[in-house]
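A structural walkthrough
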Amino acid sequence: MSTHQNFDAMFSGVIGQDYQLLKLICPFATEMSRLVGETVAAFCRRKDDTVHDTVHVLELGGGTGITTLSILAANQNLQLLSVDNEPAMQSQARQNLQTWAESGKLRFSGDDALTALRAQPGGSFDVLASAYTLHNFQADYRRLVLNEIYRILKPGGWFINGDRYALDDVTAHTRNTQLEVAGYFKVLTDLNRLDLLEHWIIHLFNDESENHIMRETTAIRQMTESGFRQIDIKHRMDVNALLVAVKPLPQ
Ligand SMILES: C[S@@+](CC[C@H](N)C(=O)[O-])C[C@H]1O[C@@H](n2cnc3c(N)ncnc32)[C@H](O)[C@@H]1O
């Protein structure tokens, strides 16, 4: 079985219908959750070379638990705090991932991202992982969140974010977004889910609005201003990309 097939099998069992539907509407989104987990695993492998401690991870915007599960699967010595301020979403994750919560590896917070981050001591997490959450934030709120992420990470900690990072080339970004909309129409009219089609189109207007859009160069500049280094955008898939950044060790 390939890694992708393993991943699909794991999700079909735990998150079932939600995962299958998201995979149809937005295949990049499920792939991004897989990549976030794979990158957390890469961090854990590096850390295993030196220390055998628990890896503390904070997740922003856990949703129904797709990215959460991918992170949990990354390493056995991992403790995860998953934050989401939408009870309807988080209650599904609580149900889907009950076994992990009972094992003590997973805790939930229903606070909004900034409040949850402000409640954590400085330098207390090895990794901050997230997928498709920060692009929902208004630009000013996102800047405050980035400063807090930097504060709560340990030196050498990683910020791993799979998200919508708009291309600096506005024309290319618009073309990608148009193709994305065409895809929603194709899949959701075939499924006769016009309710979901309406929801996704309305949400897209939010994502693309001036006070939300997360353009690549601006995002990297803001993160540099927060103190991050080795900021790397990888695995770009149209409007989607995985960003990894490091909180530097003291000189
Ligand atoms: C698009 S979903 C992503 C879920 C999951 N990570 C995935 O990739 O499938 C974004 C999630 O972020 C949560 N969210 C949005 N704004 C938030 C905020 N300010 N604080 C905490 N969670 C937030 C939403 O409730 C939603 O569950």
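Use the structure listed above.
What this report covers is the structure whose coordinates are included nearby.

What counts and how
Residues numbered from 1 in each chain as written. Predicted model: local features only at pLDDT ≥ 70, side-chain atom pairs only at ≥ 80, totals over all residues. Heavy atoms only, no water. Helix = DSSP H or I, 4+ residues; strand = E, 2+ residues; numbered from the N terminus. Rg over C-alpha atoms; globule rule 2.2 N^0.38 Å. Buried < 20%, exposed > 50% of the residue type's maximum accessible area, 1.4 Å probe, protein only. Contact = heavy atoms within 4.5 Å. Areas by Shrake-Rupley, 256 points an atom, 1.4 Å probe, with all protein chains shown as cover. Lys, Arg positive; Asp, Glu negative; His and termini not counted. Charge placed at Lys NZ, Arg CZ, Asp CG, Glu CD. Near = heavy atom within 4 Å. Polar contact = N/O pair within 3.5 Å; in protein donor to acceptor, adjacent residues only side chain to side chain. Nonpolar A, V, L, I, M, F, W, Y, C, P; charged D, E, K, R; others polar. Core = buried A, V, L, I, M, F, W, Y, C linked by side-chain atoms within 4.5 Å. Axes fitted to C-alpha atoms, helices over the stretch in contact; angles between N-to-C directions. Parallel < 35°, antiparallel > 145°, perpendicular 65-115°, else oblique. Left-handed = near helix turned anticlockwise from the far one by under 90°. Salt bridge = Lys/Arg side-chain N within 4 Å of Asp/Glu carboxyl O.

What about the overall build of the chain?
- Looking only at helices and strands, one finds 11 helices and 7 strands in the chain.
- Taken against the 2.2 N^0.38 rule, which gives 18 Å for 251 residues, the C-alpha radius of gyration of the chain at 18 Å falls within 12% of a compact globule.
- For the chain, the C-alpha atoms occupy an extent of roughly 50 × 40 × 35 Å along the three principal directions.
- Every one of the 251 residues in the chain was classed for burial, and the buried ones make up 49%.
- Long-range pairs, those at least 24 residues apart, make up 74% of the contacts in the chain between residues at least 6 apart in sequence.
- Accessible area of the chain: about 12100 Å², with a carbon and sulfur share of 53%.
- If you average the places of the 23 positive and of the 30 negative side-chain charges in the chain, the two averages end up 5 Å apart.

Brief notes about the site of the ligand
- Taken together, 17 residues are adjacent to the ligand, and G61, T67, D84, E86 and A113 come closest.
- The side chain of D84 places a nitrogen or oxygen atom 2.6 Å from an oxygen atom of the ligand.
- One of the backbone nitrogen or oxygen atoms of A113 is found 2.8 Å away from a nitrogen atom of the ligand.
- When the ligand sits alone it has 600 Å² of accessible area, and the protein chains cover 82% of it.
- Looking at the shell around the ligand residue by residue, the class counts come to 6 nonpolar, 8 polar and 3 charged.

Details of the nonpolar core
- Of all hydrophobic cores here, the largest spans 38 residues; its most connected members are V40, V57, I71, L78 and V127.
- Leaving out residues up to four positions away in the same chain, V40 has contacts with V57, I71, A74, L78, V127, A129 and I160.
- Core analysis: the second largest hydrophobic core is formed by 27 residues, A116, V145, Y165 and A219 among them.

Side note on the packing of helix α8 (residues 139–152) against helix α11 (residues 216–226)
- Viewed as axis vectors pointing N to C, α8 and α11 meet at an angle of 45°, and their least axial separation amounts to 9 Å. Comparing their axes, α11 and α8 come out oblique. Taken as a pair, α8 and α11 cross one another with a handedness that is right-handed. In contact with R143, L146, N147 and Y150 of α8, α11 contributes Q222, M223 and S226.

Re the packing of helix α9 (residues 170–190) against helix α10 (residues 194–208)
- Orientation of α9 relative to α10, taken along the N-to-C sense of each, is 165°, at an axis distance of 9 Å. Classified by the angle between their axes, α9 and α10 sit roughly antiparallel to one another. Along this stretch, α9 crosses α10, giving a crossing that reads as right-handed. From α9, H173, T177, E180, V181, Y184, F185, L188 and T189 reach across to α10, where they touch L194, L196, L197, W200, I201, L204 and E208.

Description of the pattern of salt bridges
- Taken as a whole and assessed by the stated rule, the structure comprises 13 salt bridges.
- The closest approach of N and O atoms between R34 and E38, which form a salt bridge, is 2.8 Å. Linking R34 with E38, this pair stays in helix α3 (residues 27–48), spanning 4 residues, or about one helical turn.
- On the basis of relative accessibility, which here comes to 8%, the residue R34 falls in the buried class.
- E180 is the salt-bridge partner of R164, the closest N and O atoms lying 2.6 Å from each other. Here the residue R164 occupies a position in strand β5 (residues 153–164), and E180 occupies one in helix α9, the gap between them amounting to 16 residues.

Observations concerning the environment of L167
- One can find L167 in the loop between β5 and α9.
- When the C-alpha atoms of L167 and R236 are compared, they prove to be 9.7 Å apart, with 69 residues separating the residues in sequence.
- Excluding residues within four positions of it along the chain, L167 makes contact with A172, H173, N176, R215 and R236.

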